[in-house]
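So you can see what is in the structure, the chains are spelled out below.
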Amino acid sequence: MHEGSVPAHDPQPTFADAVDRHIEEHFEPIEFVNYEIASHLVGVHSHVVAPTEERPQ
């Protein structure tokens, strides 16, 4: 740990749920989420959405 730093806290469930709903409302259902856990300062979550005919990439 760096001097003066604090561990990252897990996001509130309501915030995480809102992010999921936003992605699914504006794109497609979430296939899976990659959780980066190497850092104690920042948590990175990558939401993966499958391609469709309208959005092939």
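About the cut-offs
- Residues numbered from 1 in each chain as written.
- Predicted model: local features only at pLDDT ≥ 70, side-chain atom pairs only at ≥ 80, totals over all residues.
- Heavy atoms only, no water.
- Helix = DSSP H or I, 4+ residues; strand = E, 2+ residues; numbered from the N terminus.
- Buried < 20%, exposed > 50% of the residue type's maximum accessible area, 1.4 Å probe, protein only.
- Contact = heavy atoms within 4.5 Å.
- Patch = residues over 30% accessible without salt bridge, like charges linked within 9 Å, V, L, I, M, F, W, Y side chains within 5 Å.
- Areas by Shrake-Rupley, 256 points an atom, 1.4 Å probe, with all protein chains shown as cover.
- Salt bridge = Lys/Arg side-chain N within 4 Å of Asp/Glu carboxyl O.

The next subject is the overall build of the protein. From N to C terminus, the protein includes one helix and two strands. Listed N to C, the secondary structure of the protein is α-β-β in terms of helices and strands. Taking all 57 residues of the protein together, the buried fraction comes to 4%. The contacts in the protein between residues at least 6 apart in sequence include a share of 39% that link residues at least 24 apart.

It is worth spelling out a nonpolar patch on the surface at this point. The grouping of Leu 41, Val 42 and Val 44 at the surface amounts to a nonpolar patch, some 220 Å² of accessible area in total. Mapping Leu 41 onto the fold places it in the loop between β1 (30-36) and β2 (44-49).

On to the environment of Glu 28, then. If you trace the backbone, Glu 28 turns up in the loop between α1 (13-26) and β1. Residue Glu 28 is classed as partly exposed on the basis of its relative accessible area of 27%. As a C-alpha pair, Glu 28 and Ala 50 span 22 residues in sequence and 7.3 Å in three-dimensional space. When neighbours within four sequence positions are excluded, Glu 28 is seen to be in contact with Ile 23, Val 49, Ala 50 and Thr 52.

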